[in-house]
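The primary structure of each chain is shown beneath.
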Amino acid sequence: QSTWGLHCMGAMASAPLTAVWQFEDNGWQPYPPDTCAQVENAYQSSGHTGSFVLSGPGRKYKLDFHSMTQTNTSTGFQRRIRRVDTEDDAADANDADEGDAEAPAPARQIVRVDVVDPETLAAERRALVQAIAVPASLQELAEAHERCVVCMEDYVFPAPEPFDPLSIVKLNRCLSLHAFHRDCLEALFSSSTRCPCCFVIYKELVGTAPVTGVMQIDRHAVGELPLRGYKDCGTIEINYSFPSGIQGPEHPCPGEEFSGTHRTAYLPDNAEGNKVLALLIRAFKARLSFTVGQSITTGEENTVVWGGVHHKTSPHGGPFGYPDPTYLSRVQEELAAFGIFADDGAASAE
């Protein structure tokens, strides 16, 4: 009989053991069977997104079913947890030949944030403006009573001498060829590469995730960590880790501390899943996947939170899990909104 117990508000009806729960400690370790039953019951009762307290002799842990983590409430130490469907395991076991050799350890990739110093970034943005800007007709702009939408000043014709023809330019991919003062455009593109009029993106954006983050990618063989709806392929497991640190000038409270986080996400290890993985790698390296702000789940401020690209954080069930037949196409649309398109070239892990 396990000495663990699960404490939560409200009575919980008993449920059959349909899954095994595990925590990470030098590999994946199973909870005792009675604890698995209680955790599974709580998981189902909470709609797969609640959090509960698991306690034993002299220790207490908070299990968060949204982030799939176990946190020691006394020390703050955090481990990953996962749910393995016993029905899927049984089906895989029946299909497997007895005496098969143990599967090799999954390949692992480590991706780190691209850290670009401000001077290099500024030079890149100036070069971008030079590549996408075309001369504009000052007379046409003045006659149409146009103004620069950055500084909101009217274009005046004739211009005072001497006049640089490239001091007023248009963006070459905008449908209406929106015009700006060149200096205003360079200042604008120092923080964004999106036209402020029609929102056409000229280069993938750069986000504000802490630069100390790490993206770890592991691949699991077919049946080892199955995703609902993808039984015929393996699983890509993505682990994001951000240690606590000090906020930079791009964050809400520069100079103040922020709390880190650990998040796990899953993709099918097939052609479409790997296509999305390449895009997610680029998003992470560009600091777009996370930011520092207030958690909508816990209300905690000054913490690392998702940056606007949705991830599937559960292999099965719930709004953040599988099956979800349209997720892979939806997340590509979200990434495109940040200027990350599938035809821009594949990303690589370091």
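Here, residues in each chain are numbered from 1, in the same order as that chain's written sequence. Side-chain atom pairs in this predicted model are given and counted only at pLDDT of 80 or more, local residue features only at pLDDT of at least 70, and totals for whole chains, interfaces and linings cover all residues. Each side-chain value is derived from all of the structure's non-hydrogen atoms; neither hydrogens nor water enter the calculation.

*Asks:* How do you make sense of the side chain of Gln247 when you look at a structure like this?
*Replies:* Positionally, Gln247 belongs in the loop between strand E14 (245-246) and strand E15 (257-258). If we skip the residues at most four places from it in the chain, Gln247 touches Pro252, Cys253, Pro254, Gly255, Glu256, Glu257, Phe258, Val292 and Asn302. Helical segments are the DSSP runs of H or I of at least four residues, strand segments are the runs of E of at least two, and each set is numbered from the N terminus. In this description, contact between two residues means that some pair of their heavy atoms is separated by no more than 4.5 Å.

*Asks:* Would you mind showing me how to read empty space enclosed by the protein here?
*Replies:* The rolling of a water-molecule-sized probe over the atoms marks out the regions of remaining empty space. Any residue with an atom within 4 Å of a point lines the site, the site being either a cavity, points on a 1 Å grid over the protein atoms alone where a 1.4 Å probe fits but cannot get out, or a pocket, an open set with protein on both sides within 12 Å along at least 5 of 7 lines. Grid points are joined across faces, edges and corners, and a volume is the space filled by probe spheres set on the points. Scanning all chains against the criterion turns up one cavity of 30 Å³ or more. Reported here for the largest cavity is a volume of approximately 40 Å³. For the largest cavity, the full set of lining residues is Tyr43, His48, Thr49, Phe65, Thr313, Ser314, Gly317, Gly318, Pro319, Phe320 and Gly321. Following the grouping adopted for this structure description, the nonpolar residues are Ala, Val, Leu, Ile, Met, Phe, Trp, Tyr, Cys and Pro, the charged ones are Asp, Glu, Lys and Arg, and the polar ones are all others, Gly among them. Its residues placed into classes, the lining of the largest cavity shows four nonpolar, seven polar and no charged.

*Asks:* Would you take a moment to explain the sheet that holds strand E16 (residues 261-269) for this structure?
*Replies:* Backbone-to-backbone hydrogen bonds join strands into a sheet, with any given pair of strands oriented parallel or antiparallel. In spatial order, the strands read E8-E12-E13-E16; together these four strands make up an open sheet with antiparallel pairing. Edge positions in the open sheet fall to strand E8 (108-112) and E16, since each of these has one partner strand only. When the angles between neighbouring strand axes are averaged without regard to direction, this sheet yields 20 degrees. Strand pairing is assigned whenever DSSP identifies at least 2 bridges connecting the two strands. Bridge count for E8 against strand E12 (residues 214-220) is five bridges, and the pairing is antiparallel. Directly across from Gln109, in E12, lies its bridge partner Ile217. To get an axis, a line is fitted to the C-alpha atoms, and for a helix only the part in contact is used. The angle between two axes follows their N-to-C directions and goes from 0 to 180 degrees.

*Asks:* Can you walk me through unusual backbone geometry in this structure?
*Replies:* If a residue is not glycine, its phi is most likely negative; likewise, a peptide bond is most likely trans. Cis geometry marks the peptide bond from Tyr322 to Pro323, where omega comes out at 5 degrees. Looking at the element boundaries, Pro323 is found in the loop between strand E18 (303-306) and helix H7 (327-336). Even without being glycine, Met152 reaches a positive phi, approximately 65 degrees. Tracing the backbone through its elements, the reader meets Met152 in the loop between helix H4 (138-143) and strand E10 (168-171). Met152 gets classed as partly exposed once you look at its relative accessible area, which sits at 44%. For Phe199, which is not a glycine, the phi torsion comes out positive at approximately 70 degrees. Each residue gets one of three labels from its accessible area relative to the maximum for its type: buried under 20%, exposed over 50%, partly exposed in between, using a 1.4 Å probe on protein chains only.

*Asks:* Any chance you could explain a nonpolar patch on the surface here in plain terms?
*Replies:* Like-charged residues within 9 Å of one another, or nonpolar side chains (Val, Leu, Ile, Met, Phe, Trp, Tyr) within 5 Å, are grouped into patches, provided each residue has over 30% relative accessible area and no salt bridge. Surface accessibility follows the Shrake-Rupley procedure with a 1.4 Å probe radius. Residue values consider only the protein chains on display as shielding. Any Lys or Arg side-chain nitrogen located within 4 Å of an Asp or Glu carboxyl oxygen qualifies as a salt bridge. A cluster of nonpolar residues, Val149, Val150 and Met152, forms a patch on the protein surface that exposes about 220 Å² of accessible area. Structurally, Val149 is set in the loop between H4 and E10. Exposure remark for Val149: the relative accessible area of 36% places this residue in the partly exposed category.

*Asks:* Any chance you could explain the sheet that holds strand E9 (residues 133-135) here in plain terms?
*Replies:* With respect to topology, three strands assemble into an open sheet ordered E9-E10-E11, the strand pairing being antiparallel. Lying at the two open borders of the sheet, with one neighbouring strand each, are E9 and strand E11 (179-181). Strand after strand, the sheet turns through a mean of 45 degrees between neighbouring axes, direction not considered. Looking at chain direction, E10 and E11 are connected through three bridges and run antiparallel. Within E11, the position partnered with Ile168 by the bridge is His181.

*Asks:* Can you walk me through the layout of surface pockets in this structure?
*Replies:* Each pocket or cavity is described by its volume, and for the largest pocket that value is around 1100 Å³. If you go around the largest pocket, you meet 39 residues; those closest to its centre are Ser67, Thr261, His262, Arg263 and Val304. For the lining of the largest pocket, the secondary structure elements donating two or more residues are strand E5 (59-64), strand E6 (69-72), strand E7 (78-85), strand E13 (234-242), E16 and E18. A total of four residues in the lining of the largest pocket trace back to one element, the largest contributor, which is E18. Its residues assigned to classes, the lining of the largest pocket comprises eight nonpolar, 23 polar and eight charged.

*Asks:* Got a minute to help me understand the nonpolar core in this structure?
*Replies:* Where a protein is soluble and globular, its nonpolar side chains tend to be buried together. Put simply, a nonpolar core is a bunch of buried Ala, Val, Leu, Ile, Met, Phe, Trp, Tyr and Cys residues held in one set by side-chain atoms that sit within 4.5 Å of each other. Counting residues in each nonpolar core, the largest one holds 39 residues, and the members touching the most others are Met215, Ile238, Tyr240, Leu267, Leu277, Leu280 and Leu335. One finds Val129, Leu141, Ile168 and Leu171 within the second-largest nonpolar core, a separate group that totals 22 residues.

*Asks:* What should I look at first to understand the pattern of salt bridges in this one?
*Replies:* Two side chains of opposite charge can pair, provided their charged atoms sit close to one another. Summed over the entire model, instances satisfying the criterion amount to eight salt bridges. Its salt-bridge partner being Glu186, residue Arg182 comes within 3.4 Å of it at the nearest N-O pair. With Arg182 and Glu186 both in helix H5 (residues 182-188) and four residues apart, this pair spans about one turn of that helix. Under the relative-accessibility criterion, Glu186 is labelled partly exposed at 24%. Salt bridges sharing partners connect three or more residues here, namely Lys312, Asp324 and Arg330.

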